[in-house]
Amino acid sequence: GTVPNASGEENATKYTKSGCPVRHDATSGDYMPGGKSWTEKWLSFDNSYFTTLAEKQANPELIRFPTDEALFQDEKFRPYFEKFAASQEDFFEAYSRAHKKLSELGAKFEDGGFTLPEE
């Protein structure tokens, strides 16, 4: 299904409306405006997902699902969540190890998801 904050200018936030700079050189790029993002800089790869979600007061311009909240509330995942919120370097290191492992296992990323080879 679709979410209430789907694409389209009428559903855009200040972070996803037309004319927002989406490139590193601050020029507009070609993308579909609208919807909500998890972070203000939704096209940057960093740890802001964790730092934003850790904030007690939710920003109404950003989206937050119960599944996102569960990452912070789950006792077993919370130490990782807090670690990634506190250190972008730790997040990058963990992400690169996971990405490398998926690549070495032969994960194939295709339209509709990814698959792992049969063992």
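See the structure printed just above.
The following paragraphs examine the structure supplied in this document.

Reading guide: rules and limits
- Residues numbered from 1 in each chain as written.
- Predicted model: local features only at pLDDT ≥ 70, side-chain atom pairs only at ≥ 80, totals over all residues.
- Heavy atoms only, no water.
- Helix = DSSP H or I, 4+ residues; strand = E, 2+ residues; numbered from the N terminus.
- Buried < 20%, exposed > 50% of the residue type's maximum accessible area, 1.4 Å probe, protein only.
- Contact = heavy atoms within 4.5 Å.
- Areas by Shrake-Rupley, 256 points an atom, 1.4 Å probe, with all protein chains shown as cover.
- Axes fitted to C-alpha atoms, helices over the stretch in contact; angles between N-to-C directions.
- Parallel < 35°, antiparallel > 145°, perpendicular 65-115°, else oblique.
- Nonpolar A, V, L, I, M, F, W, Y, C, P; charged D, E, K, R; others polar.
- Salt bridge = Lys/Arg side-chain N within 4 Å of Asp/Glu carboxyl O.
- Phe/Tyr/Trp six-rings, centres within 6.5 Å; stacked < 30°, edge-to-face > 60°.
- Lys NZ or Arg CZ within 6 Å of the ring centre and 35° of its normal.
- Arc of directions from axis to C-beta.
- Patch = residues over 30% accessible without salt bridge, like charges linked within 9 Å, V, L, I, M, F, W, Y side chains within 5 Å.
- 1 Å grid on protein atoms, 1.4 Å probe; cavity = no way out; pocket = protein on both sides within 12 Å on 5 of 7 lines; lining within 4 Å.
- Points joined across faces, edges and corners; volume = space filled by probe spheres on them.

1. Quick look at the overall build of the protein
Next up, step 1: Along its length, the protein carries 4 helices and 2 strands.
Next up, step 2: Its helices and strands in sequence order give the protein the pattern α-α-α-α-β-β, from N to C terminus.
Next up, step 3: Split into buried and exposed, the 119 residues of the protein put 23% on the buried side.
Next up, step 4: When contacts within the protein are restricted to residue pairs at least 6 apart in sequence, those whose partners lie at least 24 apart make up 42%.
Next up, step 5: Counting every atom, the protein has about 8900 Å² of accessible surface; 54% of that belongs to carbon and sulfur.

2. Quick word on the packing of helix H3 (residues 78-86) against helix H4 (residues 88-104)
The description of two packed helices rests on the angle between their axes and on the distance between the axes.
Next up, step 1: Running from amino to carboxyl end, H3 crosses H4 at an angle of 120°, the nearest separation of the two axes being 5 Å. Of the possible angle classes, the one that applies to H3 and H4 is oblique. Every residue of H4 that contacts H3 at Lys83, Phe84 and Ala86 is listed here: Gln88, Asp90, Phe91 and Ala94.
Next up, step 2: Split into classes, the residues belonging to the contact of H3 with H4 amount to 4 nonpolar, 1 polar and 2 charged.

3. Here we look at the pattern of salt bridges
As a working rule, side chains carrying opposite charge can pair if their charged atoms are close by.
Next up, step 1: One pass over the full model with this rule turns up 4 salt bridges.
Next up, step 2: In this structure, arginine 78 engages glutamate 82 in a salt bridge whose closest nitrogen and oxygen atoms are separated by 2.7 Å. Here arginine 78 pairs with glutamate 82, and both are found in helix H3, just 4 residues apart, close to one helical turn.
Next up, step 3: Classification of glutamate 82 as partly exposed rests on a relative accessible area of 38%.
Next up, step 4: For glutamate 104, the salt bridge goes to lysine 100, with nearest N and O atoms at 2.4 Å. Of the two residues, glutamate 104 and lysine 100 both sit in helix H4, 4 residues apart, roughly one turn of that helix.

4. Some remarks on the packing of aromatic side chains
Next up, step 1: Tallying each qualifying case throughout the model produces 13 aromatic pairs.
Next up, step 2: One Lys or Arg, arginine 78, reaches over the ring of phenylalanine 72 and ends 4.0 Å from the middle of that ring.

5. Focus: H3
Residues spaced three or four apart along an α-helix face the same direction, because each turn holds 3.6 residues.
Next up, step 1: For H3, the set of buried residues is Phe81, Phe84 and Ala85. Projected down its long axis, H3 shows its buried positions confined to an angular sector of 100°, all on one face.
Next up, step 2: Summarising the contacts, the buried residues of H3 are in contact with helix H1 (48-54), helix H2 (66-73) and H4.

6. Here's the deal with the side chain of threonine 39
Next up, step 1: Mapped onto the elements of the fold, threonine 39 is located in the segment before H1.
Next up, step 2: The exposure class assigned to threonine 39 is buried, which follows from its relative accessible area of 8%.
Next up, step 3: Not counting residues up to four positions away in its chain, the partners in contact with threonine 39 are Ser48, Tyr49, Thr52 and Leu62.

7. Considering a nonpolar patch on the surface
Next up, step 1: Together, Phe45, Phe92 and Tyr95 line one region of the surface with nonpolar side chains, adding up to about 290 Å² of accessible area.
Next up, step 2: If you trace the backbone, tyrosine 95 turns up in helix H4.

8. Focus on empty space enclosed by the protein
Next up, step 1: The final tally for this structure, using the stated rule, is 1 cavity of 30 Å³ or more.
Next up, step 2: The calculated volume of the largest cavity comes to roughly 90 Å³.
Next up, step 3: Around the largest cavity, the lining residues are Trp38, Tyr49, Thr52, Leu53, Glu55, Gln57, Ala58, Asn59, Leu62, Ile63 and Arg64.
Next up, step 4: Looking at the lining of the largest cavity, its residues break down into 6 nonpolar, 3 polar and 2 charged.

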